[in-house]
There are 2 protein chains.
Amino acid sequence: MTTAERLPKQDRSRATRQRLLEAAVACLAEHGWAGSTVAVVAERAGVSRGAAQHHFPTREDLFTAAVEYVAEERSLALRALFPEGAQGAERRAVIGALVDLYTGPLFRAALHLWVAASHEEQLGPRVTELEAKVGRETHRIAVDLLGADESQPGVRETVQGLLDMARGLGLANLLTDDTARRERVVAQWADLLDDALG
Amino acid sequence: MTTAERLPKQDRSRATRQRLLEAAVACLAEHGWAGSTVAVVAERAGVSRGAAQHHFPTREDLFTAAVEYVAEERSLALRALFPEGAQGAERRAVIGALVDLYTGPLFRAALHLWVAASHEEQLGPRVTELEAKVGRETHRIAVDLLGADESQPGVRETVQGLLDMARGLGLANLLTDDTARRERVVAQWADLLDDALG
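In the annotation of an unreviewed UniProt entry, chain A is listed under the name TetR/AcrR family transcriptional regulator and assigned to Streptomyces thermocoprophilus.

**Looking at the overall build of chain A**
Counting its regular elements, chain A contains nine helices and zero strands. Sequence-ordered secondary structure for chain A, helices as α and strands as β, is α-α-α-α-α-α-α-α-α. Expressed along its principal axes, the backbone C-alpha trace of chain A runs to roughly 60 × 40 × 30 Å. Of all 198 residues assigned to chain A, the portion counted as buried reaches 51%.

**So, the UniProt feature "domain: HTH tetR-type" (unreviewed entry) in chain A**
UniProt records the feature "domain: HTH tetR-type" (unreviewed entry) at residues 14-74 of chain A, using the numbering of this structure. Secondary structure over residues 14-74 of chain A splits into 80% helix and 0% strand, and the C-alpha atoms at its two ends are 19 Å apart.

**Regarding the pattern of salt bridges**
When their charged atoms lie close together, side chains carrying opposite charge are able to pair. Scanning all chains against the criterion turns up 28 salt bridges over all chains. Where Arg79(B) meets Asp144(B), a salt bridge forms, and the shortest distance between an N and an O atom there is 3.0 Å. Placement of the pair is Arg79(B) in helix α4 (residues 59-81) and Asp144(B) in helix α7 (residues 124-146), with a sequence separation of 65 residues. For Arg79(B), a relative accessible area of 28% translates into the label partly exposed. Between Arg156(B) and Glu150(B) there is a salt bridge, with the nearest N and O atoms lying 3.4 Å from each other. For Arg156(B), a relative accessible area of 38% translates into the label partly exposed. Each member of the salt-bridge network shares a partner with another, and the members are Asp164(A), Arg167(A), Asp178(B) and Arg181(B).

**Let's talk about the UniProt feature "DNA-binding region" (unreviewed entry) in chain A**
Summarizing the sequence annotation, UniProt attributes the feature "DNA-binding region" (unreviewed entry) to residues 37-56 of chain A in the numbering used throughout. End C-alpha to end C-alpha, residues 37-56 of chain A measures 11 Å, and it is 75% helix and 0% strand.

**Details of the interface of chain A and chain B**
With 38 residues of chain A in contact, the opposing surface of chain B contributes 38 residues. Here chain A meets chain B over a buried area of about 3,300 Å², counting both sides, of which 68% is carbon and sulfur. Linking chain A with chain B are four salt bridges. Across the pair Glu157(A) and Arg184(B) runs a salt bridge whose closest N-O atoms are separated by 3.9 Å. Between chain A and chain B we count 13 residue pairs in polar contact (both at pLDDT 80 or more) in total. Of all the elements in the fold, those that place two or more residues in the side of chain A that touches chain B are α1 (3-31), α6 (105-117), α7 (124-146), α8 (155-172) and α9 (179-197) of chain A. Per element, the largest residue contribution to the side of chain A that touches chain B is twelve residues, and it comes from α8(A). Considering only residue class, the side of chain A that touches chain B consists of 18 nonpolar, 13 polar and seven charged.

**Here's the deal with the relation of the copies chain A and chain B**
Copies of the same chain, two in number, are related to each other by a rotation about an axis and a translation along it. With an RMSD of 0.0 Å, the fit of chain A onto chain B corresponds to turning through 180° and sliding 0.0 Å along the axis. The operation mapping one copy onto its partner corresponds to a two-fold rotation axis. A share of 100% of interface residues in chain A that are also interface residues in chain B marks the association as one of identical surfaces.

**Concerning the packing of aromatic side chains**
Evaluation of the coordinates by the stated rule reveals five aromatic pairs over all chains. Relative to Phe63(A), the ring of Trp33(A) lies with its centre 5.6 Å away and its plane at 80°, an arrangement referred to as edge-to-face. With Trp33(A) in the loop between α1 and α2 (38-45) and Phe63(A) in helix α4 (residues 59-81), the pair connects residues that are 30 residues apart, well separated along the chain. For the pair shown, Trp33(A) and Phe63(A) are each scored as buried. Ring centres 4.2 Å apart and planes at 20° place the aromatic pair Trp189(A) and Trp189(B) in the stacked group. A residue pair is termed interchain when its members come from two chains, as with Trp189(A) in helix α9 and Trp189(B) in helix α9 (residues 179-197). For the pair formed by Trp189(A) and Trp189(B), the shared burial category is buried.

**Re the packing of helix α5 (residues 91-100) of chain B against α7(B)**
All names here are of chain B. The interhelical angle for the contact between α5 and α7, taken along N-to-C directions, is 165°, at an axis separation of 10 Å. With respect to α7, the element α5 is oriented roughly antiparallel. Crossing geometry of α5 relative to α7 is assigned as right-handed. Across from Arg91, Val94, Ile95 and Leu98 in α5, the residues of α7 making contact are Ala142, Leu145 and Leu146. Across the contact of α5 with α7, the residue classes tally to six nonpolar, no polar and one charged.

**Considering the side chain of His112(B)**
Residue placement: His112(B) occurs in helix α6 (residues 105-117). Not counting the four nearest positions on each side in its chain, His112(B) is found in contact with Val115(A), Ser118(A), His119(A), Leu28(B), Ala29(B), Gly32(B) and Trp33(B).

**Focus on α8(A)**
With 18 residues, α8(A) extends 26 Å from end C-alpha to end C-alpha; this agrees with the ideal 26 Å at 1.5 Å per step. Counting buried positions along α8(A) yields 17 of 18 residues, so the element is predominantly enclosed.

**As for the environment of Thr37(A)**
Examined against the element boundaries, Thr37(A) turns out to sit in the loop between α1 and α2. When neighbours within four sequence positions are excluded, Thr37(A) is seen to be in contact with Arg59(A) and Phe63(A).

Calculation notes
- Residues numbered from 1 in each chain as written.
- Chains lettered and ligands numbered in written order.
- Predicted model: local features only at pLDDT ≥ 70, side-chain atom pairs only at ≥ 80, totals over all residues.
- Heavy atoms only, no water.
- Helix = DSSP H or I, 4+ residues; strand = E, 2+ residues; numbered from the N terminus.
- Buried < 20%, exposed > 50% of the residue type's maximum accessible area, 1.4 Å probe, protein only.
- UniProt positions renumbered as here; feature names shortened; annotations may be inferred.
- Salt bridge = Lys/Arg side-chain N within 4 Å of Asp/Glu carboxyl O.
- Contact = heavy atoms within 4.5 Å.
- Buried area = accessible area lost by both parts, 1.4 Å probe.
- Polar contact = N/O pair within 3.5 Å; in protein donor to acceptor, adjacent residues only side chain to side chain.
- Nonpolar A, V, L, I, M, F, W, Y, C, P; charged D, E, K, R; others polar.
- Least-squares fit on C-alpha atoms with pLDDT ≥ 70 in both.
- Phe/Tyr/Trp six-rings, centres within 6.5 Å; stacked < 30°, edge-to-face > 60°.
- Axes fitted to C-alpha atoms, helices over the stretch in contact; angles between N-to-C directions.
- Parallel < 35°, antiparallel > 145°, perpendicular 65-115°, else oblique.
- Left-handed = near helix turned anticlockwise from the far one by under 90°.
- Expected span 1.5 Å × (residues − 1).

Below is the structure:
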């Protein structure tokens, strides 16, 4: 088989993988860890269980890969939204977009995975590693888009605190629609950050 | 039976209830919602299953009552720690103590309950109500102890954002010991908040 003949098959395989990853995040966000299995995700994605297990041999493989994949997609989208960072955009818009990372299905899915990992041995080390990786990448994006100068004392911690607040706002949005309160808090903290970052 | 004769029995009953509530929070923090049943808690508390079910007919009764009870105990302890509020204590110490509310077994237990409530119908409305109640009480304590004047524009949202940040810091402490990083973030934001609160 030539390279040209193989390509469509690879594309199909990649598309199947992607459908599974997206279905896995949606499933985790809606039904939590207990309700999320490879079989449920395969059905949701319209993929045979055998094909799903070919791509992801274990439940842990599927769901950690899914959260990582969607987090990367969200990171790329966020960078694309502000191609020039703080130079081109208002800081408040950047802060709003950073907070938005924590209020959608991705955060909900990640939260279910984090919480399950706190008492499931097979999940613990993998999710800890994933959390650290996603956390580092989000911090880097925040620093870039906010135009924060981390060589100044306190700036690194200022940005970290913002992302901690965003995570807390995500949690506050889990059971009820917290949008109205969140917008007021973000507006106020955006002012505080603007002063602090200079 | 006279009142005097009944009292010791009431005391015993109250002590049993309290043991069950404390065991329920510890169980939830360690094993999560899926691993937390009335039977497991009764055994941990050294109470018969029948006695446990007399106090708490359902699993939902036991665990929501437990998180509410421990949250109230923590609130009382926090107020006792700073009897004169911000007049008598450094704001930084108050902020540190508020953040500490979110890094122990109580927060871990509450987190498991919140996350389970997001996809379990019997739990949803009760935990939503409990979260609102505990949130209001924590906000009131924060305002009092920080000596924050909520009649000033932005002050209410500044305090709310601090508690959101504290919640996010609690989440960051779930899988790893985040103490060193957290202390740096809290020190930096204590300075920023001190300026903001005047």
